[in-house]
Amino acid sequence: MDLQACIFDLDGVIVDTAMYHYLAWKRLAAELGIVLTEEYNERLKGVSRFDSLNLILALKGISLTDEEKNQLAEKKNKWFVDYIHSMTEKNIYPGVQPLISDLKKAGIRTALASSSKNAFTVLRQLGMLHQFDAIVDGNMIINTKPHPEIFTKTAGLLNVPPDKCLVIEDAAAGVEAAKAAGMSCVGIGDSAILHQADLVVSHVSEISLEKLRSIKLTDKT
Ligand code: BG6
Ligand code: MG
């Protein structure tokens, strides 16, 4: 079973923007009198802006109109966008560029699939816009992770069958989405949280092409 495409998540996989999302949500939560812990924040990873806000409001049973929620989500996004404007290619995690380069040399297609509506802005900041054969962001899908839509759509754009795609994800919702799409998945983070992944590492720099290929063999034979 050949690996034909590798699909990268963005926030928390290519760059440390997962931390910026957390800081911005924590600041908004504090304004609402809510304490957002790192543990609870795991549930927010990979899910849409609106769903993230709903998860925070649920902590205190706060109910708001959609308009009020949009205003809060917009406020958080302004803080997030402020954070990302100082980013450069120096913020790309070590190991990402060598892995992409090895994949390309091996003829394996590369794609980016992020729930974020800021994905193109982040990729531009990092100088990575032209490194992927396909990019799908939060503006191009109806259902965000854990729904498989984003990965199914990405595989469709690449014209690669799902069982020949491998996803790299840091969010439980993302791993769930990848598996629901019928793909292999490497999780980056805590194996207790990312237990559905085929392999979990603590950092992207631990992933090599050989490791990815062995997952496919282990998984499909
Ligand atoms: C995901 C992040 O990549 O994008 C989530 O993991 C975030 O934390 C989601 O909520 C939506 O991002 P944005 O930039 O559209 O608010
Ligand atoms: Mg992520």
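Refer to the structure above for everything that follows.
Residues numbered from 1 in each chain as written. Chains lettered and ligands numbered in written order. Predicted model: local features only at pLDDT ≥ 70, side-chain atom pairs only at ≥ 80, totals over all residues. Heavy atoms only, no water.

Draft legend 1. Region of interest: the overall build of the protein chain. When its secondary structure is counted, the protein chain shows nine helices and six strands. A globule of 221 residues ought to have a C-alpha radius of gyration of about 17 Å, and the protein chain, at 17 Å, matches this closely. Expressed as lengths along the three principal axes of its C-alpha atoms, the size of the protein chain is roughly 50 × 35 × 30 Å. For the protein chain, the proportion of its 221 residues judged to be buried stands at 48%. Counting contacts in the protein chain only where the partners sit at least 6 residues apart, residues at least 24 apart contribute 63% of the total. (Helix = DSSP H or I, 4+ residues; strand = E, 2+ residues; numbered from the N terminus. Rg over C-alpha atoms; globule rule 2.2 N^0.38 Å. Buried < 20%, exposed > 50% of the residue type's maximum accessible area, 1.4 Å probe, protein only. Contact = heavy atoms within 4.5 Å.)

Draft legend 2. Spatial organisation of the coordination of the magnesium ion (ligand 2). All of the protein donors around the magnesium ion (ligand 2) are Asp9 (OD), Asp11 (O) and Asp170 (OD); their distances to the metal are 2.0 to 2.1 Å. Written as a sequence motif, the donor residues of the magnesium ion (ligand 2) are D-x1-D-x158-D. Taken as a pair, Asp9 in the loop between strand E1 (5–8) and helix H1 (17–31) and Asp170 in the loop between strand E4 (165–169) and helix H8 (172–180) lie far apart in primary sequence, 161 residues in all. Overall, Asp170 belongs to the buried group, its relative accessible area being 7%. (Donors = N, O, S within 2.8 Å, 3.2 Å for Na, K, Ca; no water.)

Draft legend 3. Here's a closer look at the site of ligand 1. For ligand 1, the set of nearby residues contains 15 residues, the closest of which are Asp11, Arg49, Ser116, Lys117 and Asn118. Contact between ligand 1 and Arg49: an oxygen atom at 2.7 Å from a side-chain N or O atom of the residue. Here Ser52 contributes a side-chain N or O atom positioned 3.4 Å from an oxygen atom of ligand 1. Taken by itself ligand 1 offers 390 Å² of open surface, and the protein chains cover 97% of this. For the shell around ligand 1, the per-class residue count stands at two nonpolar, eight polar and five charged. Summarising the domain contributions, the shell around ligand 1 has at least three residues from each of domain 1 (5–15 + 89–213) and domain 2 (18–84). (Near = heavy atom within 4 Å. Polar contact = N/O pair within 3.5 Å; in protein donor to acceptor, adjacent residues only side chain to side chain. Areas by Shrake-Rupley, 256 points an atom, 1.4 Å probe, with all protein chains shown as cover. Nonpolar A, V, L, I, M, F, W, Y, C, P; charged D, E, K, R; others polar. Domains from an automatic or database assignment.)

Draft legend 4. Structural context of the pattern of salt bridges. According to the stated counting rule, one finds eight salt bridges in the structure shown. With a closest N to O distance of 3.1 Å, Lys45 and Glu42 form a salt bridge. Assessed through its relative accessible area of 21%, Lys45 is described here as partly exposed. Exposure remark for Glu42: the relative accessible area of 23% places this residue in the partly exposed category. The shortest N-O distance in the salt bridge between Asp133 and Arg109 comes to 4.0 Å. With a gap of 24 residues between them, Asp133 in the loop between helix H6 (119–126) and strand E3 (134–136) and Arg109 in strand E2 (residues 109–113) connect regions that are remote in the sequence. Given the relative accessible area of 41%, Asp133 is considered partly exposed. The class for Arg109 is partly exposed, based on a relative accessible area of 33%. (Salt bridge = Lys/Arg side-chain N within 4 Å of Asp/Glu carboxyl O.)

Draft legend 5. The side chain of Ser115, seen in detail. Topologically, Ser115 is positioned in the loop between E2 and H6. The buried category is assigned to Ser115, whose relative accessible area is 12%. Within the local environment of Ser115, its side chain forms a polar contact with the backbone oxygen of Gly46, the two atoms lying 2.6 Å apart. When near neighbours in sequence (up to four residues on either side) are disregarded, Ser115 contacts Gly46, Gly138, Thr144, Lys145 and Ile150.

Draft legend 6. Broad picture of helix H4 (residues 66–84). End to end, H4 covers 26 Å across 19 residues, agreeing with the expected 27 Å (1.5 Å per residue, within 8%). Inspection of H4 places Lys69, Leu72, Ala73, Lys76, Asn77, Trp79, Phe80 and Ile84 among the buried residues, and these make up the whole buried set. Looking straight down H4, one finds its buried side chains confined to an arc of 160°; they lie on one side. Structural note: H4 exposes Glu67, Gln71, Lys78 and Asp82 on the side pointing more than 90 degrees away from its buried face. On its buried face, H4 sits against H1, helix H3 (49–58) and H6. (Expected span 1.5 Å × (residues − 1). Arc of directions from axis to C-beta.)

Limitation: the analysis is restricted to geometry and does not speak to function.
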